[in-house]
Amino acid sequence: MRIKSQRDFCSGVLFSAFGVAFAWGATNYNVGTGARMGPGYFPLIVGILIALMGVLITLKALSVETDDGEPIGRIAWKPLVFIISANLVFGGLPSLGLPSMGLIVAIYALTFIASLAGDNFGWKGVTLLATVLALGSYLAFVVALKLQFQVWPTFIAG
């Protein structure tokens, strides 16, 4: 068999690997049954579906002919670094001395850092997006759902 789309083949293999790893990790929790789901049920199902999607993408890469074989391009390091950094900052890195920033500040940090991954950066647009996301998240999670978690950094909240 010949790989007819390198990009789809590698994507499918990665999807399958991550799906299997995710599903395997979910087995560390109580899965339960369909009628009485445990905390591991949903991650297990999602992991299985991601792995199956990866298999389908891999099979498509082996069967559907493309003009140039869709070669894999260079790794886009800038977006990769900024997107991963944004997620790490959002969650806080207590092991590196970066405390949890709370919902509002974390959303602003996430939005600004992630927006640096693109080619076009505009302060006004990013600030508006961050404000809408922070306000919407606060209203949805704190006001509507009444979830109890840190909204502001500890040095502000006291």
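To start, this report covers the structure provided alongside it. What you are looking at is a predicted structure, and each value in this text was computed from that prediction instead of being measured. Chains are numbered independently. Their residues run from 1 in the order of the written sequence. For a predicted model such as this one, the threshold for reporting local features is a pLDDT of at least 70, and the threshold for listing and counting side-chain atom pairs is 80 or more; totals across whole chains, interfaces and linings nevertheless cover every residue. The basis for every side-chain value is the complete set of non-hydrogen atoms in the structure, without hydrogens or water.

Let's shift gears to the environment of Asn87. For Asn87, the location among the structural elements is in helix 3 (residues 77–91). Assessed through its relative accessible area of 47%, Asn87 is described here as partly exposed. With 23 residues separating them in the primary sequence, Asn87 and Leu110 have C-alpha atoms 6.5 Å apart. Here Ile83 takes part through its backbone oxygen, which lies 2.8 Å from a polar atom of the side chain of Asn87. Numbering of helices and strands runs from the N terminus, with a helix taken as a DSSP run of H or I at least four residues long and a strand as a DSSP run of E at least two residues long. Relative accessibility under 20% of the residue-type maximum defines a buried residue, over 50% an exposed one, and the middle range a partly exposed one, all with a 1.4 Å probe and only protein chains included. Polar contacts, as used here, are pairs of N or O atoms within 3.5 Å; protein pairs need one atom able to donate a hydrogen and one able to accept it. Residues neighboring in sequence count only if both atoms are side-chain atoms.

Each pair of packed helices gets described by two things: the angle between the helix axes and the distance between those axes. Taken N-terminus to C-terminus, the directions of helix 3 and helix 4 (residues 103–115) make an angle of 175°; their axes are 8 Å apart at the nearest point. Viewed along their axes, helix 3 and helix 4 adopt a mutual orientation that is roughly antiparallel. Contacts from Phe82, Ile83, Ser85, Ala86, Asn87, Val89 and Phe90 of helix 3 reach helix 4 at Ala106, Ile107, Ala109, Leu110, Ile113 and Ala114. Just so you know the grouping, Ala, Val, Leu, Ile, Met, Phe, Trp, Tyr, Cys and Pro go in nonpolar, Asp, Glu, Lys and Arg go in charged, and all remaining residues, Gly too, go in polar. A breakdown of the residues in the contact of helix 3 with helix 4 according to their chemical character gives eleven nonpolar, two polar and no charged. Note on geometry: axes are C-alpha line fits, over the in-contact stretch for helices, and angles between N-to-C directions span 0 to 180 degrees. With respect to orientation, any angle under 35 degrees is reported as roughly parallel, any angle over 145 as roughly antiparallel, any angle of 65 to 115 as roughly perpendicular, and every other angle as oblique. Contacts are assigned to residue pairs with any non-hydrogen atoms lying within 4.5 Å of each other.

Residue count minus one, scaled by 1.5 Å, sets the expected span of a helix. In this model helix 2 (residues 41–63) runs 33 Å from its N-terminal to its C-terminal C-alpha over 23 residues, within 8% of the 33 Å that 1.5 Å per residue would give. Along helix 2, the positions that sit buried rather than exposed are Leu44, Gly47, Ala51, Gly54, Thr58, Ala61 and Leu62. Check the buried side of helix 2 and you find it contacts helix 1 (6–26).

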